Amino acid sequence: MKKILVIDDEIAIRDLIELVLKRENYDVQTAEDGKAGLQLLDSFQPDLVVLDLMLPDCSGYDLCKEITGKRAIPVIMLSAKNEIIDKVLGLELGAEDYMTKPFDNRELLARIKVILRRNESRENISEATTEVQSTRIIHEELTFDLESRSVLKNDIPVSLTAKEFKILETLLKRPDKIFTRDELLQIGWGYDFMGDSRSVDMTIMRLRKKLEDNADDPKYVRTIYGFGYQLGGGEV
């Protein structure tokens, strides 16, 4: 049974989403603010979070960044704001999807199913294609743990969003391959994503800021001009 956490300060919306999801046999927990949501994130360990942008104790943007920084977990952001800049900001901060209020419950349910199915498919593909015998990949100063979905640099934790984690995982597992932007877009965002390859560039830029000693002269995530991106470092 997949677990879903709903964080929204409007009780009517929380109750309605909870009812709809429980009818579909999801295990659901709800929170009315960011503090309660973060507590449940640790204790409940959800597979997906439905997050309202406007919360009484914090910004949904900040909370989304904190959630995806803690775990590689998909977030669907809900908001009454329908400007494209609000949607882009939410997606860049790690949200998997963005829906404006009021929304149709059937559409929300469909999007949840697509995201969970997509994540499960990614995990299955990774298990089928990887030749790594251990759950841990060590690459120079980086330690990448597939089981705990954590990354260390010089034994210091590095907080990554779900998409940053997926891109790094992809590069580490295929160190000799040059990935095009379109390939990384399909891997990180899925075939049904409506954005463009600039989303990949923005994610790579944030990933470099977290991993590299000098983001302007990247060591781990190299740009192969005219082609795409490739894992760097490890040269003999």
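Scroll up a little and you will see the structure.
On a predicted model such as this, the values are computed, not experimentally measured, just so you know.

Caption draft 1: How the structure looks around unusual backbone geometry. Cis geometry is found at the peptide bond from Lys-101 to Pro-102, where omega equals -5°. Relative to the helices and strands, Pro-102 resides in the loop between β5 (97-100) and α5 (105-129). In this structure, Arg-149 is a non-glycine residue whose phi angle is positive, near 55°. In this fold, Arg-149 is placed in the loop between β7 (142-145) and β8 (150-153). The backbone of Asp-155 sits at a positive phi, close to 70°, despite the residue not being glycine. Mapped onto the elements, Asp-155 comes out in the loop between β8 and β9 (156-158).

Caption draft 2: Looking closely at the sheet that holds strand β6 (residues 136-139). What the four strands build is an open sheet, ordered β6-β7-β8-β9; its pairing is antiparallel. The two strands at the open ends of the sheet, each matched to only one other strand, are β6 and β9. The average angle at which neighbouring strand axes cross in this sheet is 25°, direction not considered. Seen against the sheet, helix α6 (residues 162-173) touches β6, β7 and β8 and runs at an angle of roughly 105° to β7.

Caption draft 3: The arrangement of the packing of aromatic side chains in detail. Tallied over the entire structure, the rule returns one aromatic pair. Across the ring face of Phe-44, the terminal group of Lys-3 is positioned such that the distance to the ring centre comes to 5.3 Å. Sitting above the plane of the Phe-179 ring, Lys-177 keeps its charged end 5.1 Å from the centroid.

Caption draft 4: Here's a closer look at the pairing of β6. Residues Ile-137 and His-139 line the buried face of β6, whereas the alternating positions Arg-136 and Ile-138 sit on a face that is not buried. With four bridges joining them, β6 and β7 adopt antiparallel strand pairing. Within β7, the position partnered with Arg-136 by the bridge is Asp-145. Count of turn residues in the β6/β7 antiparallel hairpin: two residues, of which Glu-140 carries a positive phi of about 50°.

What counts as what
- Residues numbered from 1 in each chain as written.
- Predicted model: local features only at pLDDT ≥ 70, side-chain atom pairs only at ≥ 80, totals over all residues.
- Heavy atoms only, no water.
- Helix = DSSP H or I, 4+ residues; strand = E, 2+ residues; numbered from the N terminus.
- Pairing = 2+ DSSP bridges.
- Axes fitted to C-alpha atoms, helices over the stretch in contact; angles between N-to-C directions.
- Contact = heavy atoms within 4.5 Å.
- Phe/Tyr/Trp six-rings, centres within 6.5 Å; stacked < 30°, edge-to-face > 60°.
- Lys NZ or Arg CZ within 6 Å of the ring centre and 35° of its normal.
- Buried < 20%, exposed > 50% of the residue type's maximum accessible area, 1.4 Å probe, protein only.

Keep in mind these values describe shape, not function.
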